[in-house]
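What follows is the residue order along each chain.
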Amino acid sequence: MPIRVENLSYTYNAGQPMEQEALRNVTLTIEDGEFVGLIGHTGSGKSTLVQHFNGLLKPTSGKIYIDGVDIFSKGVSLRSIRQKVGMVFQYPEYQLFGETVFEDVAFGPKNMGVPDAELNDRVDQALALVGLDLSLKERSPFELSGGQKRKVAIAGVLAMQPQTLILDEPTAGLDPKGRDEVLSLVAHLHQREHKTIILVSHSMEDVARLAQRLVVMAHGEIVLEGTPEVVFRQAEYLEAIGLGVPQVTRLLQVLKKQGFAVDPDHYTIEAVEEEIVKLLETM
Ligand SMILES: Nc1ncnc2c1ncn2[C@@H]1O[C@H](COP(=O)(O)OP(=O)(O)O)[C@@H](O)[C@H]1O
Ligand SMILES: [Mg+2]
């Protein structure tokens, strides 16, 4: 189910004194099964852009196609689009409301018309995917830890069984352990469940490890796009727009500048370690 946006522009409060242009002429295709990291400084338009992917926002101008169908054309059910393209909002736990975890996770599928008899299975599957114990089902979500609450919220979206999953800053505010757990979950959903993933983040470290392709935004536009290697070669530009490259990549770039024989096109700790070990062996 490829997602394509063409010449997308979006202005908040158009025609009013508080008018704010948030997207300008964005064109982008997300292919089936891809893992795309969408990065940019705060305010660059990431959340606004992804909310178009399942029709939560209607473009001021431009088109959104899912499977080749213009989602704002007549007769298209936005509800079915939202079932296919699931959205985990930033701080999704703020939207928990149920008296029990079960109620929260079952809410989406129930709304979609999944029969009551199937809801329990849906909830169990989703909780298992996010790594939460099924014994939590009857607990109040408000008694859980921050990381657990976030997993409940993610399970609520997974229970709708979307083929594509958008996660808007899913690690924001979590401690390092919670962050690693959420990122491993996202990796699992891509590798094992074969979901198309759009991971929104302002953290290079987070997206670099997982994404196959990075899309960089600044001031409401896509300014850079490509594999992590290609994008991270633009270290100075990335810094100029308030980003930067992963620290380990920066280390290799600095070494290379100093004349050491290293290949700076690495961005995971493991790969950089290997590169440095190779360098040491030549010394
Ligand atoms: N609900 C809103 N009303 C008005 N302006 C908004 C609203 N949401 C976002 N904006 C503005 O739109 C621009 C893009 O914001 P956003 O998409 O949230 O960026 P990001 O997710 O990259 O931080 C910013 O200038 C922001 O202030
Ligand atoms: Mg945002």
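A quick note: this is a predicted structure, and the numbers were derived from the prediction, not measured.

**Details of the overall build of the protein chain**
- Along the protein chain, the regular secondary structure elements total 11 helices and 10 strands.
- In terms of overall size, the protein chain behaves like a compact globule, its C-alpha atoms giving a radius of gyration of 20 Å where 283 residues would be expected to give roughly 19 Å.
- Each of the three principal axes of the protein chain carries a C-alpha extent, and together these read 65 × 50 × 35 Å.
- Sequence separation of at least 24 residues holds for 62% of the intrachain contacts in the protein chain that already meet a minimum separation of 6.
- For the protein chain, the accessible surface area stands at approximately 13,900 Å², while carbon and sulfur atoms represent 49% of it.

**A look at the domain arrangement of the protein chain**
- Domains assigned within the protein chain are domain 1 (3-237) and domain 2 (246-283).
- Once you take the C-alpha centre of each, domain 1 and domain 2 turn out to be 33 Å apart.
- Listed per partner, the contact involves 10 residues of domain 1 and eight residues of domain 2.
- Of the roughly 770 Å² buried between domain 1 and domain 2 on both sides combined, carbon and sulfur atoms contribute 57%.
- Where domain 1 touches domain 2, the interface holds two salt bridges.
- Notably, a salt bridge pairs Lys257 with Glu236, separated by 4.0 Å at the nearest N-O pair.
- Counting across the domain 1 and domain 2 interface gives three residue pairs in polar contact (both at pLDDT 80 or more).
- Only α7 (204-210), α8 (228-232) and α9 (235-240) provide two or more residues apiece to the side of domain 1 that touches domain 2.

**Remarks on the layout of surface pockets**
- Roughly 630 Å³ of volume is contained in the largest pocket.
- Met87, Phe107, Gly108, Val157 and Met160 are, among the 25 residues lining the largest pocket, the residues nearest its centre.
- For the lining of the largest pocket, the secondary-structure elements that each account for two or more residues are α2 (78-84), β6 (85-88), α3 (101-112) and α5 (146-158).
- Here the element with the most residues in the lining of the largest pocket is α3; it accounts for six residues.
- Here the residues of the lining of the largest pocket sort into 15 nonpolar, seven polar and three charged.

**Section: the nonpolar core**
- Residues Val105, Leu165, Ile197, Val216, Phe232 and Leu238 are the most contacted members of the largest nonpolar core, which totals 49 residues.
- For this core, the element with the most residues is α5, which contributes six residues.
- Sequence-distant contacts of Val105, that is, excluding residues within four places in its chain, are made with Val123, Ala126, Leu127, Val152, Ala155, Gly156 and Ala159.
- Grouped together as the second largest cluster of nonpolar side chains are 26 residues, Val5, Tyr10, Ile30 and Leu38 included.

**Observations regarding the pairing of strand β4 (residues 61-66)**
- As judged from the five bridges shared by strand β1 (residues 3-12) and β4, these two strands associate in the antiparallel manner. By the bridge assignment, Arg4 is partnered in β4 with Tyr65.
- Pairing of β4 with strand β5 (residues 69-70) involves two bridges; the strand directions are antiparallel. In the strand pairing of β5, Tyr65 is matched with Asp70.
- Between the end of β4 and the start of β5, which pair antiparallel, lie two residues, with Asp67 showing a positive phi angle near 55 degrees.

**Here we look at the site of ligand 1**
- If you check the shell around ligand 1, you find Tyr12, Asn13, Gln20, Ala22, His41, Thr42, Gly43, Ser44, Gly45, Lys46, Ser47 and Thr48 and nothing else.
- Ser44 is positioned with one of its backbone polar atoms (N or O) 3.2 Å from an oxygen atom of ligand 1.
- Measuring from an oxygen atom of ligand 1, one finds a side-chain N or O atom of Ser47 at 2.8 Å.
- Coverage of ligand 1 by the protein chains reaches 62% of its 560 Å² of free accessible surface.
- Looking at the shell around ligand 1, the elements with two or more residues in it are β2 (20-30) and α1 (46-53).
- If you tally residues by element for the shell around ligand 1, the top one is α1, at three residues.
- Residues of the shell around ligand 1, tallied by class, amount to two nonpolar, nine polar and one charged.

Scoring rules and cut-offs
- Position labels on residues start from 1 in each chain and follow its written sequence.
- Both sets of labels track the order of writing: A upward for chains, 1 upward for ligands.
- Since the coordinates come from a predicted model, pLDDT governs what is reported: local features require at least 70, and pairs of side-chain atoms require 80 or more to be given and counted, while whole-chain, interface and lining totals use all residues.
- Based on all heavy atoms of the structure, the side-chain values leave hydrogens and waters out of the count.
- Numbering of helices and strands runs from the N terminus; a helix is a DSSP stretch of H or I covering at least four residues, while a strand is a stretch of E covering at least two.
- The globule rule used here is 2.2 Å times the number of residues to the 0.38 power, and the radius of gyration it is set against is calculated over C-alpha atoms.
- We call two residues in contact whenever any of their non-hydrogen atoms come within 4.5 Å of each other.
- For the area figures, the Shrake-Rupley method with a 1.4 Å probe applies, and any residue is considered shielded solely by the protein chains shown.
- An automatic or database domain assignment supplies the residue ranges for each domain.
- Summed over both partners, buried area is the accessible surface (1.4 Å probe) that two parts give up on being assembled.
- Whenever a carboxyl oxygen of Asp or Glu lies within 4 Å of a side-chain nitrogen of Lys or Arg, that contact is scored as a salt bridge.
- A 3.5 Å cut-off defines polar contacts: any pair of N or O atoms within that distance qualifies, except that in protein one atom must be a possible hydrogen donor and the other a possible acceptor, and neighbouring residues in sequence count only when both atoms are side-chain atoms.
- In the cavity and pocket records, a cavity denotes points on a 1 Å grid over the protein atoms alone where a 1.4 Å probe fits but cannot get out, a pocket denotes an open set with protein on both sides within 12 Å along at least 5 of 7 lines, and lining residues are residues with an atom within 4 Å of a point.
- Grid points are joined across faces, edges and corners, and a volume is the space filled by probe spheres set on the points.
- Throughout, the ten residues Ala, Val, Leu, Ile, Met, Phe, Trp, Tyr, Cys and Pro are labelled nonpolar, Asp, Glu, Lys and Arg are labelled charged, and all others, Gly among them, are labelled polar.
- Here the nonpolar core consists of buried residues drawn from Ala, Val, Leu, Ile, Met, Phe, Trp, Tyr and Cys, with membership extended through side-chain atoms lying within 4.5 Å.
- Type-normalised accessible area, obtained with a 1.4 Å probe on protein chains alone, sets the label of each residue: buried when under 20%, exposed when over 50%, and partly exposed for intermediate values.
- By definition, two strands form a pair when at least two bridges between them are found by DSSP.
- Definition of nearness: a residue and a molecule or strand are near each other if at least one heavy atom of the residue lies within 4 Å of the molecule or strand.

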